[in-house]
Amino acid sequence: MPLGIRPTVDFAFKKIFGSPQNSAALIGLLNAILDLERPIASVEILNPFSYQEFSESKLVVLDVRCQDSEGRWLNVEMQVSVYAGLIERLVYYACGMYVDQLSKGGNYALAAPSISICLLNRILFSDSEQPHHRFQMLDRESGRELSNAIEVHTVELTKYHLDEGSISYASKLQQWAFLLLFAQDYDANTLRRLLTGIEFETAISTIEVILAKTEDKLMYDQREKAQRDYEWAISGAREEGREEGEQLGLAKGKLAGKIQILQDLLGEVPANDASLSSLSVDVLTIQLAELQQRLRDRQA
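Parameters and conventions
- Residues numbered from 1 in each chain as written.
- Predicted model: local features only at pLDDT ≥ 70, side-chain atom pairs only at ≥ 80, totals over all residues.
- Heavy atoms only, no water.
- Pairing = 2+ DSSP bridges.
- Helix = DSSP H or I, 4+ residues; strand = E, 2+ residues; numbered from the N terminus.
- Axes fitted to C-alpha atoms, helices over the stretch in contact; angles between N-to-C directions.
- Contact = heavy atoms within 4.5 Å.
- Phe/Tyr/Trp six-rings, centres within 6.5 Å; stacked < 30°, edge-to-face > 60°.
- Buried < 20%, exposed > 50% of the residue type's maximum accessible area, 1.4 Å probe, protein only.
- Core = buried A, V, L, I, M, F, W, Y, C linked by side-chain atoms within 4.5 Å.
- pLDDT = per-residue confidence, 0-100.
- Polar contact = N/O pair within 3.5 Å; in protein donor to acceptor, adjacent residues only side chain to side chain.
- Salt bridge = Lys/Arg side-chain N within 4 Å of Asp/Glu carboxyl O.

A. Just the sheet that holds strand β2 (residues 64–68), in detail. Pairing in this open sheet of six strands is mixed, and the strands run β1-β2-β3-β4-β6-β5 from one edge to the other. Either end of the sheet is taken by a strand with one partner, and the two such strands are β1 (43–45) and β5 (132–136). Ignoring which end each strand starts from, the neighbouring axes of this sheet average 20° apart. Looking at chain direction, β5 and strand β6 (residues 150–156) are connected through five bridges and run antiparallel. Bridge pairing links His132 to Val155 in β6. Sheet strands touched by helix α1 (residues 10–18): β1, β2, β3 (73–79) and β4 (114–120). Its angle to β2, the strand with the most contacts, is close to 15°.

Laid out in structure tokens, this is it:
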């Protein structure tokens, strides 16, 4: 019988990759993404999984922050939606980890690389078929890289062409994409046959625990519903924004429609069409960005 547990749901993702006893899964995922000359041997999870973080009605608890055996600081997260400013937020997180390493008056030479990783089950770069992007600090003319600085990775899982018949021979990153996207459709034994190694065994066993443990399954179901409702709300906001845009006209109308939907999601009385249509595109854009940030802050 299929497991029915989606690893992309925040509760499952954090339990699989954020539990210290499951470090093999996190190490396997990080090594698959980073493809380092010297693979990561161990990690210390700095914000480990706990039931308390899921006890409140927060929507997204998807990031796992850790420090690896070489001293690198890493943050890996699963994103179920794509929104304006996502890349900038990933850069901000990486910069934050870089700064957090140094106490006041500390030695800058001791700073270790800070790496921000975002897994997505939505398309981020629609103009490219490349699933994995790696952004680093380098000199464009010489190609010289600042290796002890910040790095940002995006992995668009749905861009991989995954096939059950060949997944056993695919790259490790493709195998992780397969597990994250399709684990819910397979029984545990089939997954173990398709995906071998201690890292996948750890992940699959954790999924089985979620399914078998009443407390975990109840929490998972609640989080899956919350995630589904969130995606529906955002999709509705986009659609309503499009419809409002047609009524109010061009770019200003689209911006105004999105603002009204986000105001409604935040429990505010949406501004009327007349007041919004009198504002410039720049002002509407700023208002929309502020509302998006407030919605993310409330969910965090």
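B. Representation of the packing of aromatic side chains within the structure. Scanning the entire structure with this criterion turns up 10 aromatic pairs. On the numbers, 4.9 Å between centres and 50° between planes, the contact of Phe13 with Phe17 is tilted. One end of the pair is Phe13 and the other is Phe17, both in helix α1 and four residues apart, which spans about a single turn. In this structure, Phe13 and Phe17 share a single accessibility class: buried. Here Phe178 and Phe182 contribute two aromatic rings whose centre-to-centre distance is 5.4 Å and whose plane-to-plane angle is 65°, an arrangement assigned as edge-to-face.

C. Fine view of the nonpolar core. Counting 54 residues, the largest nonpolar core has Phe17, Leu26, Leu119, Trp176 and Leu191 as the members making the most contacts within it. Looking at which element gives the most residues to this core, the answer is helix α2 (residues 23–34), with eight residues. In contact with Leu26, other than residues within four places in its own chain, are Phe17, Val43, Ile45, Val64, Cys66 and Val76.

D. Here's a closer look at the confidence of the model for the protein. Chain-level statistics for the protein give a pLDDT mean of 87 and a share of 90% at 70 or above. Model confidence for the protein, summarised as mean pLDDT per element, is weakest for helix α7 (residues 214–248) at 72 and strongest for α2 at 98.

E. Examining the side chain of Thr206 more closely. For Thr206, the position within the fold is in helix α6 (residues 198–212). From its side chain, Thr206 meets the backbone oxygen of Thr202 in a polar contact 2.8 Å long. Not counting residues within four places of it along the chain, the set of residues in contact with Thr206 comprises Lys15, Ile16 and Asn22.

F. Summary view of the pattern of salt bridges. Applying the stated criterion across every chain yields a total of 14 salt bridges. For Arg294, the salt bridge is made with Glu268, and the minimal N-O distance between the two is 2.2 Å. Of this pair, Arg294 sits in helix α10 (residues 281–299) while Glu268 is found in the loop between α8 (250–265) and α9 (273–277), placing the two residues 26 residues apart along the sequence. Taken together, the shared-partner salt bridges in this structure form one network comprising Arg192, Glu201 and Glu208.

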